[in-house]
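# Coordinate inspection notes
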Amino acid sequence: MTTHEENAPSVDSEETIGFERTFDDGERLVLREKPADGTPAAIVALDTASCTGTECPCHEVELLAQPLYLVDGQIEEGEGEPLQALLDVESGELAVETAPEPGSEAETLLARLRRLVQGETLELLQERWRRGRKQEDQDEWKESDWSSIDLEAMVPFLEIFPSRWDLSVLVGGRKYWIVDFWCLAPDCPCSQVALDFLASDDDTSEHLVVDLDAMKPDDPDASETALGLWAAFYDDPYAAATLTARREATRRVARELPAHLQA
Ligand SMILES: [Zn+2]
Ligand SMILES: [Zn+2]
């Protein structure tokens, strides 16, 4: 699972504001099925693409399932053909274009997928569908409860645009969620973003301030771990563009917010 609940401290340590968040970066899910009959656990990679039409009435998420295998402790993709299916998030039903041949690997995979896409996983995909529709929504911030957001402190992006995919970085097989905090002072010339790296498998976290003009850490107190996490994140070819886009989006909010709060 790529999500879990997290209580993250705000950058202002005097007054910690906890928030509940089911993190999701919209990327590949790895699902495990441990059959009750004692046969080895099956691992399935699930890539999803949901309808992004903000006004579209459909409830569809395209799924691409690929069996994975454990080879010497490492997860590897199998030879088998990936299976394409369409999930209706409202009914939870899975549809395939042509029914797989009886006794085929595809049939086994489809049956497995039907067992896996239930309960928490179905809820996760429903939430993913809901968030998918709002990725392009430039005005989602207007729906936030600004009376509960401390504008004196830097504001987490997830409180401004809650539906946008969360940022993440994978280091040494460990996944970290990245919570980015932004200055919303209208005319502030600062060029910083504060990043919290939250380990997805325990309660540890690292903190780092980055200067966005230089795209470099600007933080004398940063730990080696935090610098390493930044380096791994920045290694992603989309990292700089993503932060730049978030900077532009939050700058626009900073400019429009005073009028919005008076209205
Ligand atoms: Zn649609
Ligand atoms: Zn500022």
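Predicted, not measured: the structure shown is a model, and the values here were computed from it.

### Regarding the overall build of the protein
Each helix and strand counted, the protein has 5 helices and 12 strands in total. Summarising its shape, the C-alpha atoms of the protein cover approximately 65 × 45 × 30 Å along the three principal directions. Within the protein, the proportion of its 263 residues that are buried is 42%. Element-wise, carbon and sulfur atoms account for 48% of the exposed surface of the protein, whose accessible area totals about 14,600 Å². Of note, the protein has its 22 positive side-chain charges centred 3 Å away from the centre of its 57 negative side-chain charges.

### Some thoughts on the coordination of the zinc ion (ligand 2)
Looking at the zinc ion (ligand 2), one finds its protein donor set to be Cys183 (SG), Cys188 (SG) and Cys190 (SG), positioned 2.1 to 2.2 Å from the metal centre. We note that the donor set of the zinc ion (ligand 2) lies within a single chain, spaced as C-x4-C-x1-C. The class of cysteine 190 is partly exposed, set by a relative accessible area of 31%.

### Topic: the domain arrangement of the protein
Assigned domains within the protein: domain 1 (34-132) and domain 2 (140-262). Each of domain 1 and domain 2 has a C-alpha centre, and the two are 31 Å apart. Taken together, the contacts link 4 residues of domain 1 with 5 residues of domain 2. Roughly 380 Å² of surface becomes buried between domain 1 and domain 2 when both sides are summed, with 45% attributable to carbon and sulfur atoms. Of all residues in domain 1, Arg128, Arg130 and Arg131 bury the most surface against domain 2, accounting for 92% of the area lost on that side. For the pair domain 1 and domain 2, the interface holds 1 salt bridge. Arginine 131 serves as the salt-bridge partner of aspartate 166, at 3.1 Å between the closest nitrogen and oxygen. There are 3 residue pairs in polar contact (both at pLDDT 80 or more) connecting domain 1 and domain 2. Residue composition of the side of domain 1 that touches domain 2, grouped by class: no nonpolar, 1 polar and 3 charged.

### Brief notes about the coordination of the zinc ion (ligand 1)
Looking at the zinc ion (ligand 1), the protein donor atoms are Cys51 (SG), Cys56 (SG) and Cys58 (SG), and they sit 2.1 to 2.2 Å from it. Judged by relative accessible area, which is 25%, cysteine 56 ranks as partly exposed.

### Remarks on helix H1 (residues 105-116)
Taking 1.5 Å of rise per residue, 12 residues should cover 16 Å, and H1 covers 16 Å from first to last C-alpha, within 8% of that figure. For H1, every residue scored as buried is listed here: Leu109, Leu110, Leu113 and Leu116. Taken down its axis, H1 places every buried residue within 125 degrees of arc, on the same side. On its buried side, H1 packs onto strand S1 (29-33), strand S2 (42-50), strand S3 (60-71), strand S5 (83-88), strand S6 (93-95) and helix H2 (119-132).

### Digging into the environment of arginine 251
Along the chain, the position of arginine 251 falls in helix H5 (residues 239-262). As for arginine 251 and alanine 185, which are separated by 66 residues in sequence, their C-alpha atoms are 8.7 Å apart. Sequence-distant contacts of arginine 251, defined by excluding residues within four places in its chain, comprise Cys183, Leu184, Ala185, Pro186 and Cys188.

### Some words on the nonpolar core
One finds Trp146, Ile160, Leu184, Phe197, Trp230, Phe233 and Leu243 to be the most contacted residues of the largest nonpolar core, which totals 32 residues. Of all the secondary structure elements, the ones that give two or more residues to this core are helix H3 (157-160), strand S8 (167-171), strand S9 (174-182), strand S10 (192-199), strand S11 (205-211), helix H4 (224-234) and H5. If you tally residues by element for this core, the top one is H5, at 6 residues. The residues contacting tryptophan 230, other than those within four sequence positions of it, are Leu195, Phe197, Leu208, Val210, Met215, Pro217 and Leu243. In terms of nonpolar packing, the next biggest core, distinct from the first, is built from 21 residues, Leu29, Val61, Leu63 and Leu125 among them.

### A word on the packing of aromatic side chains
Counted according to the given criterion, the structure contains 5 aromatic pairs. Between phenylalanine 157 and phenylalanine 161 the ring centres are 5.3 Å apart and the planes differ by 35 degrees, which places this aromatic pair in the tilted class. We note that phenylalanine 157, like phenylalanine 161, is buried. Residue placement shows arginine 128 over the ring face of tryptophan 165; its charged tip is 6.0 Å from the ring centre. The ring of phenylalanine 161 carries the charged tip of arginine 164 above its face, separated from the ring centre by 4.4 Å.

About the cut-offs
- Residues numbered from 1 in each chain as written.
- Chains lettered and ligands numbered in written order.
- Predicted model: local features only at pLDDT ≥ 70, side-chain atom pairs only at ≥ 80, totals over all residues.
- Heavy atoms only, no water.
- Helix = DSSP H or I, 4+ residues; strand = E, 2+ residues; numbered from the N terminus.
- Buried < 20%, exposed > 50% of the residue type's maximum accessible area, 1.4 Å probe, protein only.
- Areas by Shrake-Rupley, 256 points an atom, 1.4 Å probe, with all protein chains shown as cover.
- Lys, Arg positive; Asp, Glu negative; His and termini not counted.
- Charge placed at Lys NZ, Arg CZ, Asp CG, Glu CD.
- Donors = N, O, S within 2.8 Å, 3.2 Å for Na, K, Ca; no water.
- Domains from an automatic or database assignment.
- Contact = heavy atoms within 4.5 Å.
- Buried area = accessible area lost by both parts, 1.4 Å probe.
- Salt bridge = Lys/Arg side-chain N within 4 Å of Asp/Glu carboxyl O.
- Polar contact = N/O pair within 3.5 Å; in protein donor to acceptor, adjacent residues only side chain to side chain.
- Nonpolar A, V, L, I, M, F, W, Y, C, P; charged D, E, K, R; others polar.
- Expected span 1.5 Å × (residues − 1).
- Arc of directions from axis to C-beta.
- Core = buried A, V, L, I, M, F, W, Y, C linked by side-chain atoms within 4.5 Å.
- Phe/Tyr/Trp six-rings, centres within 6.5 Å; stacked < 30°, edge-to-face > 60°.
- Lys NZ or Arg CZ within 6 Å of the ring centre and 35° of its normal.

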